[in-house]
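# Tertiary structure, described
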Amino acid sequence: MWYHKPVINKELLQSLPNLKIVASSGVGIDHLDLNLLSSYGVKVSNTPFVVSTDTADLGMALMLASARRLVEGYQMAVSPDTDYFPAHWLGAEVSGATLGIVGMGAIGYKVAERAKAFEMKILYHNRNQRNKEEESAVGAIYCKKIDDLLQQSDFVLLSVNLTPQTHKLIGKRELELMKPTATLINISRGLVVDQDALVEALLNKVIKAAALDVTYPEPLPRDHPLLKLKNVIVTPHIGSATKKTRHLMMENMIESIEAGLTGLPIPNEVF
């Protein structure tokens, strides 16, 4: 499967009685009905580890671009109407700021490693606390309650799988807990955020800005308000979109398929 295609439903499974494995590109498996697949004896694999470096890079890029208003700055610099650069046009500091990472898996941890180089204070919220050695290596502080992280962070970065528990994890209440100077960065799935609540929060200056590599749907309708706000950056779900990583993803999928067809243990099998 690439870009969630083809759609795996009951009709397709019934038409493929010899199907043994579905190899899906990327980390997310929210597009797959694992119970349905299992009922047909079909195994599932994904490619979780090869995407983490590039996705973490993009998370940092979105944070920097939003903080320093790069998109707005570019538009100002190239506009035919620009006669001068205003001295009061300012961005926000990244170095020394507080970054809250929601979801400290492989991607979230790599973001923390990068943020450490910017001398950021790093908070994180996760289902399970990392061990002390891992926390110490990046200087991360565990927040058992997401509310504590939201209230303290200058930047909140979302790096969680989409599950029933994380569906619209960030809604009106959570946004109102954030600082009015805070920025929300989403590199996970669009449905982790209540987009209507986010639009309202941005319009009413409940939070300062948002930088989104994922939305719902993708792409957004061309008249969607998120596409019209100056304090929003939207990119086309390009977390893993580099030549090297996409090649490695395909290699991972082929390895899983070959293992599934020969009865060997499947690399990156999803249970």
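Residues numbered from 1 in each chain as written. Predicted model: local features only at pLDDT ≥ 70, side-chain atom pairs only at ≥ 80, totals over all residues. Heavy atoms only, no water.

The name given to the chain in an unreviewed UniProt entry is Glyoxylate reductase/hydroxypyruvate reductase, with Anhinga rufa as the source organism.

Moving on: the overall build of the chain. Along its length, the chain carries ten helices and ten strands. Here the chain has a C-alpha radius of gyration of 20 Å; the compact-globule value for 271 residues is 18 Å, and the two agree. With the principal axes as the frame, the chain shows a C-alpha extent of 65 × 45 × 35 Å. Here the chain holds 271 residues, and 45% of them are scored as buried. On the chain, roughly 14800 Å² of surface is accessible, and the fraction owed to carbon and sulfur atoms is 56%. Taking the 28 positively charged and 29 negatively charged side chains of the chain as two groups, their mean positions are separated by 1 Å. (Helix = DSSP H or I, 4+ residues; strand = E, 2+ residues; numbered from the N terminus. Rg over C-alpha atoms; globule rule 2.2 N^0.38 Å. Buried < 20%, exposed > 50% of the residue type's maximum accessible area, 1.4 Å probe, protein only. Areas by Shrake-Rupley, 256 points an atom, 1.4 Å probe, with all protein chains shown as cover. Lys, Arg positive; Asp, Glu negative; His and termini not counted. Charge placed at Lys NZ, Arg CZ, Asp CG, Glu CD.)

Attention now goes to the domain arrangement of the chain. Split into domains, the chain comes out as domain 1 (10–49 + 242–262) and domain 2 (51–78 + 92–234). Computed over C-alpha atoms only, the centres of domain 1 and domain 2 are separated by 29 Å. Contact with domain 1, which involves ten residues of that partner, is made by six residues of domain 2. Together, the buried faces of domain 1 and domain 2 total about 690 Å²; carbon and sulfur atoms form 51% of this surface. When the buried area of domain 1 at its contact with domain 2 is split by residue, Val-27, Asp-30 and Phe-49 rank highest and sum to 56% of it. Residue Arg-189 is joined to Asp-30 by a salt bridge in which the shortest nitrogen-to-oxygen separation is 3.1 Å. The interface formed by domain 1 and domain 2 holds five residue pairs in polar contact (both at pLDDT 80 or more) in total. Here the side of domain 1 that touches domain 2 is built from residues that sort into four nonpolar, five polar and one charged. (Domains from an automatic or database assignment. Contact = heavy atoms within 4.5 Å. Buried area = accessible area lost by both parts, 1.4 Å probe. Salt bridge = Lys/Arg side-chain N within 4 Å of Asp/Glu carboxyl O. Polar contact = N/O pair within 3.5 Å; in protein donor to acceptor, adjacent residues only side chain to side chain. Nonpolar A, V, L, I, M, F, W, Y, C, P; charged D, E, K, R; others polar.)

Relative to the helices and strands, Ser-52 is located in helix 3 (residues 52–67). Using a relative accessible area of 3% as the deciding quantity, one classes Ser-52 as buried. A distance of 2.9 Å separates a polar side-chain atom of Ser-52 from the backbone oxygen of Phe-49. When residues no more than four places from it in sequence are discounted, the contact partners of Ser-52 are Ala-106, Ile-107 and Lys-110.

Here we come to unusual backbone geometry. Each neighbour pair has its own omega, and for Tyr-216 with Pro-217 the value is -5°, a cis peptide bond. Structurally, Pro-217 is set in the loop between strand 8 (209–212) and strand 9 (232–234). That bond from Glu-218 to Pro-219 is cis: its omega, -5°, falls within 30 degrees of zero. Counting through the fold element by element, Pro-219 comes out in the loop between strand 8 and strand 9. In this model, Arg-69 sits at a positive phi of 55°, which is unusual for a non-glycine residue. With respect to the helices and strands, Arg-69 occurs in the loop between helix 3 and helix 4 (70–78). With relative accessibility at 24%, the residue Arg-69 sits in the partly exposed group.

As a further point, take the packing of aromatic side chains. The tally for this structure, following the rule as stated, stands at one aromatic pair. Aromatic pair Tyr-124 and Tyr-142: ring centres 5.2 Å apart, planes at 50°, arrangement tilted. Of this pair, Tyr-124 sits in strand 4 (residues 121–125) while Tyr-142 sits in strand 5 (residues 140–142), placing them 18 residues apart in sequence. Relative accessible area serves as the criterion here: at 0%, Tyr-124 is assigned to the buried category. (Phe/Tyr/Trp six-rings, centres within 6.5 Å; stacked < 30°, edge-to-face > 60°.)

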